[in-house]
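An overview of the molecular structure
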Amino acid sequence: MKGHRIIREGQVATSFFIVEKGMVRSFYQKGKTEITIWFAYEGQKAVSISSLFTGKPSRETVECVEDCDLLCISNKDLQELYSRYECMNTIGRRMVEEYCNILDDRVYSLQVMSATERYKDLMEYEPEIIKRAPLSNIASFLGISQETLSRIRHNW
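Criteria and cut-off values
Residues numbered from 1 in each chain as written. Predicted model: local features only at pLDDT ≥ 70, side-chain atom pairs only at ≥ 80, totals over all residues. Heavy atoms only, no water. Patch = residues over 30% accessible without salt bridge, like charges linked within 9 Å, V, L, I, M, F, W, Y side chains within 5 Å. Areas by Shrake-Rupley, 256 points an atom, 1.4 Å probe, with all protein chains shown as cover. Salt bridge = Lys/Arg side-chain N within 4 Å of Asp/Glu carboxyl O. Buried < 20%, exposed > 50% of the residue type's maximum accessible area, 1.4 Å probe, protein only. Helix = DSSP H or I, 4+ residues; strand = E, 2+ residues; numbered from the N terminus. Lys, Arg positive; Asp, Glu negative; His and termini not counted. Polar contact = N/O pair within 3.5 Å; in protein donor to acceptor, adjacent residues only side chain to side chain. Contact = heavy atoms within 4.5 Å. Pairing = 2+ DSSP bridges. Axes fitted to C-alpha atoms, helices over the stretch in contact; angles between N-to-C directions. pLDDT = per-residue confidence, 0-100.

**Brief notes about a nonpolar patch on the surface**
Together, Tyr-99, Leu-103 and Val-107 give the surface a local cluster of nonpolar side chains, amounting to about 260 Å² of exposed area. The exposure class assigned to Val-107 is partly exposed, which follows from its relative accessible area of 46%.

This is how it looks when you write it as structure tokens:
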């Protein structure tokens, strides 16, 4: 359901989700401001990865941006699959590699690219986010104000 929080800040994540339908986002809360850190939609993973793998409380909240259908696998079941099936270890390693690449791209974009370049990159590589996410979430994800996002979109 839109607005439903599947992982809350301070909660220990015990499950891993795959989005079958809909879109979710993850955000940090800083005072009254929500800072969007990632989006996931059909076929993508949704998890507070550091909480899931360390057992520590999540620093992020994961919520449904749209009505969603999610596949859920508990960390306990995931660990059992890893121990029973060698191919699952390979799949798990590849997921972590993918996560590392996404994280590396994210850090690069926020540290090196201009706001316009980040928006252009998002339009090119993740058009679903542009089409489906609220502008306030997109602006936050890009690390800019909604006003700056409006100017960039207007000049585009």
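**A closer look at the side chain of Glu-60**
Note on placement: Glu-60 falls in the loop between helix H1 (49-54) and strand S6 (61-64). Although Glu-60 is buried, it makes no salt bridge; Arg-59 carries the closest opposite charge, 6.7 Å away. Within the structure, Glu-60 has its side chain in polar contact with the side chain of Ser-26 (distance 2.2 Å). Not counting residues up to four positions away in its chain, the partners in contact with Glu-60 are Ile-7, Arg-8, Glu-9, Ser-26, Phe-27, Tyr-28, Ile-37, Trp-38, Val-47, Ser-48 and Ile-49.

**Quick word on the sheet that holds strand S4 (residues 33-41)**
Read from one edge to the other, the open sheet built from four strands follows the order S1-S6-S3-S4, with strand pairing classed as antiparallel. If you trace the sheet from one side to the other, it starts and ends with strand S1 (5-7) and S4, each paired once. Between one strand and the next, the sheet's axes are offset by a mean angle of 30 degrees, whatever the strand orientation. Note that S1 and S6 share two bridges and pair antiparallel.

**Overview of the confidence of the model for the protein chain**
Across the protein chain, the average pLDDT comes to 95, with 100% of residues at or above 70. Per-element mean pLDDT across the protein chain ranges from 91 in H1 up to 98 in S6.

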